[in-house]
Each structure stands twice: as C-alpha cells, then as structure tokens.
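Residues per chain are reported as follows:
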Amino acid sequence: MSENQKKIWITGASSGIGKAVAEKFAAEGWKVAVSARRKELLQELATNENIVSFPLDVTDQSQINTVFKNIISEFGNLDLCLFSSGTYEPKDEKNIDSEKIKNVIKVNFFGVVDCVKSVEEYFKSRKSGHISIVSSIAGYRGLPNSSGYGPSKAALTNFCESIYFDFKKFGVRVSIISPGFIKTAMTDKLNDKQQEAIKSQIPAGRMGDVSDIAFATLYLSSEESSYVTGSTLHVNGGMAML
C-alpha cells in the first residue's frame, strides 16, 4: 500500500449506494475499507485488491470503535469517511409503530452518530479529513410510508449541519449527500404503482442510479470541491429544489 494512496471508510457498503461508491473509489485507486453486517457480500467486494472488509453492526458502539481502530492499524490513516448505513421497510411504516420507528432511528440516525463519534478525535487531532453523510430527500419533505425513515434522515441532516461548526475549527470538512429516489434494493420494496407515481414527479423521468451517487461522492472527495463544506449536495433528478 502506497503512503500517498488515499483511503476511505464506507459503512452500508454491502449493497446499493455504499457498494457502488466502494467500487468506484477502488477503481480510482483509493484503498477502501468497507463495513456492513452482511459479511458474505463484503467478502465478494474484497476480491478487489483495493477493498478490505471490516464487518460491522452500526448499532453496536463498542464494535464501531474496534473496527475503526482496526482500520487505522491496517491502513495507517484515513482521508474520508462515508457513513451510509440505513434501513427502510415501507410495509412497516404504513401505520405508526413506535418500536419499529425506534429501530429505524437506531440504525439510520444513531448508527451514524456513533460512527462520527468514533472518528471525531482522530480527525480533529490530524486537523484534516472529511466526513460525508448520506441523508435523503425524505428528510426534507414528508413522504408516504416514511413515518420512521423520513424523521431519521431529517435528524441526520440537522445533526451534520450542527457538528459542522465544531469540526470546521479543526480543518475537518463535513458534507451531506442527499439522494432522491435511487434504484436500489430499498426502492425495489415499493410496488410498481408506487414506483411509477414517484417517477412521474421526477423531471429527469427516471429514478437515479447508484452510480449517480458514486460520482457525486467522488466529486466531494476531490480537490476541486475544497470550497464545498458545511453544505448538502442534492442528487434527486430535479424532484425538489432545496
């Protein structure tokens, strides 16, 4: 591993957006640490010489801390963290169920909060680095069957906007990527009628592809985006101007 090789840690990397970002960064020559609960899918990713698997359940704070220490031990340093773990079950959110909502918030919000906490002192002590969070258009406007998912993403966006003021004092960038409806296993849970209704509201005329988010993340990682910090990059096909 070259000392000059850039390094990224991605959570939620076993599928969807996280997987696409991992593959894109590996192709660009980055060393990529991938984390998620599904070990077998991470192992498939790790057949790429630039990708290393670090299985993780983001609801376990002690496990997060251990995984982060292991990554630093193996990689030496990190330049960027992309925290994109998330869960969504449309059928579970049709009715208000406080226990199911709590579970969604535990993964989508506190899972990210705990990951940020694990890298906080590391980046601050280095006085450099970049933390990027995957939020959602659902955090900006109420959507059907999102009684837990929407609030979890709204809280996540507000959290990032808040911590930015502290991290910027140490030269650490904080950014948010806010996807619209992206074609993933998560959106595949919507029925055909629901998917068509969504597409009718998107000026681009289609759902986004995971590669759209991968390219957006690559831009945020570049020197060309050095002036983009403390802000949200919306990638939603024109569904909302935010």
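Remember, predicted model here, so these are calculated numbers, not experimental data. (Residues numbered from 1 in each chain as written. Predicted model: local features only at pLDDT ≥ 70, side-chain atom pairs only at ≥ 80, totals over all residues. Heavy atoms only, no water.)

Draft legend 1. Just the packing of helix 3 (residues 61-75) against helix 4 (residues 98-126), in detail. Axis separation between helix 3 and helix 4 bottoms out at 10 Å; the angle between their running directions is 40°. Considering their axes alone, helix 3 and helix 4 lie oblique with respect to each other. Crossing handedness for the pair helix 3 and helix 4: right-handed. Contact with helix 3, carried on its side by Gln61, Ile64, Asn65, Phe68 and Ile72, involves Gly111, Asp114, Cys115, Ser118, Val119 and Tyr122 of helix 4 and no other residues of that element. When the residues that make up the contact of helix 3 with helix 4 are grouped by side-chain class, the tally is six nonpolar, four polar and one charged. (Axes fitted to C-alpha atoms, helices over the stretch in contact; angles between N-to-C directions. Helix = DSSP H or I, 4+ residues; strand = E, 2+ residues; numbered from the N terminus. Parallel < 35°, antiparallel > 145°, perpendicular 65-115°, else oblique. Left-handed = near helix turned anticlockwise from the far one by under 90°. Contact = heavy atoms within 4.5 Å. Nonpolar A, V, L, I, M, F, W, Y, C, P; charged D, E, K, R; others polar.)

Draft legend 2. Representation of the nonpolar core in the model. Residues Trp9, Leu78, Phe83 and Val116 are the most contacted members of the largest nonpolar core, which totals 34 residues. Every element with two or more residues in this core is listed here: helix 3, strand 4 (80-83), helix 4, strand 5 (130-134), helix 5 (149-167) and strand 6 (173-179). Here this core gets nine residues from one element, more than from any other, and that element is helix 4. With 28 residues, the next largest nonpolar core counts Ala13, Phe25, Val134 and Ala214 among its residues. (Core = buried A, V, L, I, M, F, W, Y, C linked by side-chain atoms within 4.5 Å. Buried < 20%, exposed > 50% of the residue type's maximum accessible area, 1.4 Å probe, protein only.)

Draft legend 3. Main features of the pairing of strand 5. Most of strand 5 sits inside the fold, with five of its five residues counted as buried. Side-chain alternation along strand 5 places His130, Ser132 and Val134 on one buried face and Ile131 and Ile133 on a second face that is also buried. Of the strand pairs in this sheet, strand 4 and strand 5 are connected by four bridges, and their pairing is parallel. Residue phenylalanine 83 lies in a different strand from strand 5, and its bridge partner there is isoleucine 133. With five bridges connecting them, strand 5 and strand 6 associate as parallel partners. Each residue of the ladder has a partner; that of isoleucine 133, found in strand 6, is isoleucine 176. Each parallel crossover has a hand, and for strand 5 linked through helix 5 to strand 6 it is right-handed. (Pairing = 2+ DSSP bridges. Right-handed = clockwise from strand over helix to strand, strands pointing away.)

Draft legend 4. Representation of the environment of valine 52 within the structure. Within the element layout of this structure, valine 52 appears in strand 3 (residues 51-53). Assessed through its relative accessible area of 15%, valine 52 is described here as buried. In sequence terms valine 52 and lysine 31 are 21 residues apart; their C-alpha atoms lie 7.9 Å from each other. Aside from chain neighbours lying at most four places away, what touches valine 52 is Lys31, Val32, Ala33, Val34, Glu74 and Phe75.

Draft legend 5. Looking closely at helix 4. The end-to-end C-alpha distance of helix 4, which contains 29 residues, comes to 41 Å, matching closely the 42 Å that a straight helix rising 1.5 Å per residue would cover. Remark: the principal bend of helix 4, roughly 40°, maps to valine 119. Just past helix 4, the residue lysine 127 takes up positive phi, approximately 60°. (Expected span 1.5 Å × (residues − 1). Bend = angle between axes of the 7 residues up to and from the residue.)

Draft legend 6. Up close: the pattern of salt bridges. A complete count under the given rule lists seven salt bridges for this structure. In this structure, the salt-bridge partner of lysine 124 is aspartate 166, at a minimum N-O distance of 2.4 Å. One end of the pair, lysine 124, is in helix 4; the other, aspartate 166, is in helix 5, with 42 residues separating them in the sequence. The class for lysine 124 is buried, based on a relative accessible area of 8%. Overall, the relative accessible area of 29% leaves aspartate 166 in the partly exposed class. Linking glutamate 196 and lysine 199 is a salt bridge whose minimum nitrogen-to-oxygen distance equals 3.1 Å. Of this pair, glutamate 196 and lysine 199 both sit in helix 6 (residues 192-199), separated by three residues, roughly a single helical turn. Classification of glutamate 196 by relative accessible area gives partly exposed; the value is 48%. For lysine 199, a relative accessible area of 28% translates into the label partly exposed. By sharing partners, the salt bridges in this structure join Lys117, Glu120, Lys124 and Asp166 into a single network. (Salt bridge = Lys/Arg side-chain N within 4 Å of Asp/Glu carboxyl O.)

Draft legend 7. Inspection of the side chain of serine 136 at higher detail. Of note, serine 136 is situated in the loop between strand 5 and helix 5. Judged by relative accessible area, which is 5%, serine 136 ranks as buried.

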